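Architecture and fold: a report
For reference, the chains in residue letters:
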Amino acid sequence: MERAKMAEESLETAAEHERILREIESTDTACIGPTLRSVYDGEEHGRFMEKLETRIRNHDREIEKMCNFHYQGFVDSITELLKVRGEAQKLKNQVTDTNRKLQHEGKELVIAMEELKQCRLQQRNISATVDKLMLCLPVLEMYSKLRDQMKTKRHYPALKTLEHLEHTYLPQVSHYRFCKVMVDNIPKLREEIKDVSMSDLKDFLESIRKHSDKIGETAMKQAQQQRNLDNIVLQQPRIGSKRKSKKDVYTIFDAEVESTSPKSEQDSGILDVEDEEDDEEVPGAQDLVDFSPVYRCLHIYSVLGARETFENYYRKQRRKQARLVLQPPSNMHETLDGYRKYFNQIVGFFVVEDHILHTTQGLVNRAYIDELWEMALSKTIAALRTHSSYCSDPNLVLDLKNLIVLFADTLQVYGFPVNQLFDMLLEIRDQYSETLLKKWAGVFRNILDSDNYSPIPVTSEETYKKVVGQFPFQDIELEKQPFPKKFPFSEFVPKVYNQIKEFIYACLKFSEDLHLSSTEVDDMIRKSTNLLLTRTLSNSLQNVIKRKNIGLTELVQIIINTTHLEKSCKYLEEFITNITNVLPETVHTTKLYGTTTFKVRTHQHRGVFLECG
């Protein structure tokens, strides 16, 4: 039983060993480990080794059989191999020789190739450099352009160039060192542009401060020319194709007797058309000033975000200049040139400000201009009141009035309200009237002192007509008398009458261009003439009568003279009516008090005559 069992186990072991051997023969070497492990895990590895040895011997025998079968081929292969080895050695020698020749021949080629390699490398570097330079050149050109613009003081274009440089060109080359230098320099350049533009503005402000009188003079000349042209246009329908002078305007004829009295020789003629050449071209006031520094500085500060700073600075400086301009010189009242220069400076200042107002957007505004003008108006009126009070010459007062009118008209053209100036002229009118009365008091005194108090003798028709032309006198009986004959009055009657008319002319000259109605002008002339008759002439006659050396003959002649002057008052009223075109019947028309005055004086003279008798 046990023997059978042992026999069965031996068969199983043998079968297992056979299987393992087949696996060893057919399995990859890398996977043989598990197979061998199964052998050593069992107890029959000795027997397995024996079977393995037997299997190896069997394979060796098969190999030997096979080698014996192919031996002749192997020998032939070895023989061929030996032949090939010899040929291979020859080939090797040839290859070595060829390689040596090739190395010798290719050395120059290698050097050339190395040079070519370096050239290609340089070419690539040059190409890259050109590309980088093409990228950098616009930046450098732009920077050079910026420097040129700053050198030529084209600051606003320089600022625009700086903006392009900073935002368009520099970002493309920001990794270069020179770019960083430029970027760091940009704030400095901005400040430099800002400082230079402000310096130009200061120069501009200083320049217009010095030349404001020239600007104002030009503006006033323009206003004067325009007014002269307007006057010519207004006169054309009345004068036809001929031009009439200002003197012709004042040539007035009495209703019954032609007056040949000329205007005062001392008329200044400031506003005379003849003073200016007809074809003279006066440049525009703005043409005298280069405003580009203001515009540039305004644009630059606006771009830099500092417009408010610039506006405040400009307005502050101009306010200071306004105060200087409005400060009149202490001796301004001495000559008309002093007033003229004062007005020119004020007009020049406001012409500049008006131009700035209309050519910039918000640098100055209407409220600012109105504030300055209110200050200027109050200071100007105060100065004129003070200085005009020193004027004792009526011609100077009249010239000053004409200058003030021109000053007001000029500023009115630029939109400034000037009603207060015309109101002040009405105050000056009263002062002018007083200076006229003082002047005519001297004129009457000279006439009365130089008179011989004898009837005027005439020896010819020409002399007769001359006297009648000077004084409105009509006497049919006297006209029929043969020559020689005498007028009943002495020479002071026509002389005084003509001087009264001259006084009326002088009053009328002041009323010109004051924008007064005809009634107002008429009322002004009549009131002033009344003062002349009731106060000035009356006092002059009274002073003559009070003289101790006056005789009865002279006193009688004075009574006769005053009687004729009394009768001439109606002609003076007609004379004023012809000048002003205001009828005596008009309501509120002032009547001349001369008739009453002469009557009173006549009665006084007769009383003196009776006392003397």
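To be clear, the structure that these remarks concern was listed above.
All values derive from a computational prediction rather than experimental measurement.

Some details on the pattern of salt bridges
The tally for this structure, following the rule as stated, stands at 19 salt bridges. Across the pair R190 and E163 runs a salt bridge whose closest N-O atoms are separated by 2.9 Å. Residue R190 is located in helix α5 (residues 177-239), and its partner E163 is located in helix α4 (residues 155-169); the two are separated by 27 residues in the primary sequence. By relative accessible area, which is 18% here, R190 ends up buried. In this structure, R385 and E427 form a salt bridge, with 2.9 Å as the shortest nitrogen-oxygen distance. Residue R385 is found in helix α10 (residues 366-388), and its partner E427 is found in helix α12 (residues 419-450); the two are separated by 42 residues along the sequence. A relative accessible area of 40% means that E427 is categorised as partly exposed. Salt bridges here are not isolated pairs; linked through shared partners, they connect D97, R100 and K101.

A few points about unusual backbone geometry
With an omega of 0°, the peptide bond between F483 and P484 qualifies as cis. Take P484: it is sitting in the loop between α14 (476-480) and β2 (485-486). Of note, H515 is a non-glycine position whose phi angle comes to about 60°, a positive value. Within the secondary structure, H515 sits in the loop between α15 (492-511) and α16 (518-546). Positioned with a positive phi, N581 is a non-glycine residue whose angle comes to about 60°. Among the secondary structure elements, N581 is positioned in the loop between α17 (552-580) and α18 (594-612).

Points about the packing of aromatic side chains
Each pair of aromatic rings is reported with the distance of its centres and the angle of its planes. Evaluation of the coordinates by the stated rule reveals 21 aromatic pairs. Consider the rings of Y464 and F483, whose centres lie 6.4 Å apart with planes at 80°: the pair is edge-to-face. Of the two residues, Y464 sits in helix α13 (residues 461-470) while F483 sits in the loop between α14 and β2, which places them 19 residues apart along the sequence. Exposure remark for Y464: the relative accessible area of 6% places this residue in the buried category. Each ring, one from F471 and one from Y497, has its centre 5.3 Å from the other, and the planes form 85°; the classification is edge-to-face. Here Y497 lies in helix α15 and F471 lies in the loop between α13 and α14, a separation of 26 residues in the sequence. Above the face of the F510 ring, K401 is positioned so that its terminal group lies 5.9 Å from the ring centre.

How each quantity is defined
In every chain, residue numbers begin from 1 and rise along the written sequence. Where local features are concerned, this predicted model is filtered to residues with pLDDT of at least 70; where side-chain atom pairs are given and counted, the filter is 80 or more; whole-chain, interface and lining totals use all residues. The basis for every side-chain value is the complete set of heavy atoms in the structure, and neither hydrogens nor water enter the calculation. Salt bridge criterion: a side-chain nitrogen from Lys or Arg within 4 Å of a carboxyl oxygen from Asp or Glu. Strands are runs of DSSP state E lasting at least two residues, helices are runs of H or I lasting at least four, and both sets are numbered from the N terminus onward. Burial classes: relative accessible area under 20% of the type maximum marks a residue as buried, over 50% as exposed, and values in between as partly exposed (1.4 Å probe, protein chains only). Stacked, edge-to-face and tilted labels apply to pairs of Phe, Tyr and Trp rings (six-membered ring for Trp) whose centres lie within 6.5 Å, assigned for plane angles under 30 degrees, over 60, and everything in between, in that order. By definition, being over a ring means that NZ of Lys or CZ of Arg is both within 6 Å of the ring centre and within 35 degrees of the ring normal.

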